[in-house]
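Listed below are the residues making up each chain.
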Amino acid sequence: TVAQGEMALEVFLGEVRDRWMKQELELVLFQNRVRLIRGWDELFATLDDHIGGLALMKSSPYYRAVREFQEEGKLWEERLTKL
């Protein structure tokens, strides 16, 4: 149903928002010269999943029907592709 489709998009956008608004990077010193991100592999896997989900979401008729989904989806796509 329409309500279920819209709810699925709302839940996904909420997950993306919650994950990245709360994300903190833990940096570790490597060979006393450079700082590396601890857990970068999990971080980038999540990033890849969320960017892919946002791209997939654009093909949903529920996404195109609700302006707020379009605005928030575009905002997060822009933010995440800059990382």
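Above this text sits the structure in question.
Once a new chain begins, its residue numbering starts again from 1 and follows that chain's sequence as written. For this predicted model, a pLDDT threshold of at least 70 governs which residues receive local features, and a threshold of 80 or more governs which side-chain atom pairs are given and counted, while totals over whole chains, interfaces and linings are taken from all residues. Water and hydrogen atoms were dropped before computing side-chain values, which therefore reflect all heavy atoms in the structure.

*Asks:* I'd like a rundown of the overall build of the chain, residues and numbers included.
*Replies:* Looking only at helices and strands, the chain has four helices and two strands in total. Going along the chain from the N terminus, every DSSP run of H or I of four or more residues is numbered as a helix, and every run of E of two or more is numbered as a strand. The secondary structure elements of the chain, listed N-terminal to C-terminal, are α-β-β-α-α-α. Note on method: radius of gyration uses C-alpha positions; expected globular size equals 2.2 Å times residues raised to 0.38. In terms of overall dimensions, the chain is more spread out than a globule: its C-alpha atoms have a radius of gyration of 16 Å, far above the 12 Å expected for 83 residues. Each residue is assigned to one of three classes by its accessible area relative to the maximum for its type, calculated with a 1.4 Å probe on protein chains only: buried under 20%, partly exposed between the two thresholds, exposed over 50%. Taken over 83 residues, the chain has a buried fraction of 28%. Between two residues, a contact is recorded if the distance between any of their heavy atoms is within 4.5 Å. In the chain, 57% of the contacts between residues at least 6 apart in sequence involve partners at least 24 apart. Carbon and sulfur atoms make up 55% of the accessible area of the chain, which amounts to about 6,200 Å² in all. Charge counting follows a simple rule: Lys and Arg are positive, Asp and Glu are negative, and His as well as the terminal groups are ignored. Every charge is mapped onto a representative atom, which is NZ of Lys, CZ of Arg, CG of Asp or CD of Glu. Considering the chain, the positive charge centre built from 12 side chains and the negative charge centre built from 15 side chains are found 6 Å apart. Using the Shrake-Rupley algorithm and a 1.4 Å probe, accessible areas are obtained, with residue cover drawn only from the displayed protein chains.

*Asks:* How would you explain helix 2 (residues 40-57) if you had to name every residue and give the values?
*Replies:* Between its terminal C-alpha atoms helix 2 stretches 25 Å, which fits the 26 Å expected from 18 residues at 1.5 Å a residue. Where the residues of helix 2 are buried, they touch helix 1 (2-22), strand 2 (34-37), helix 3 (61-65) and helix 4 (67-81). Take the residue count of a helix, subtract one, and multiply by 1.5 Å to get its expected span.

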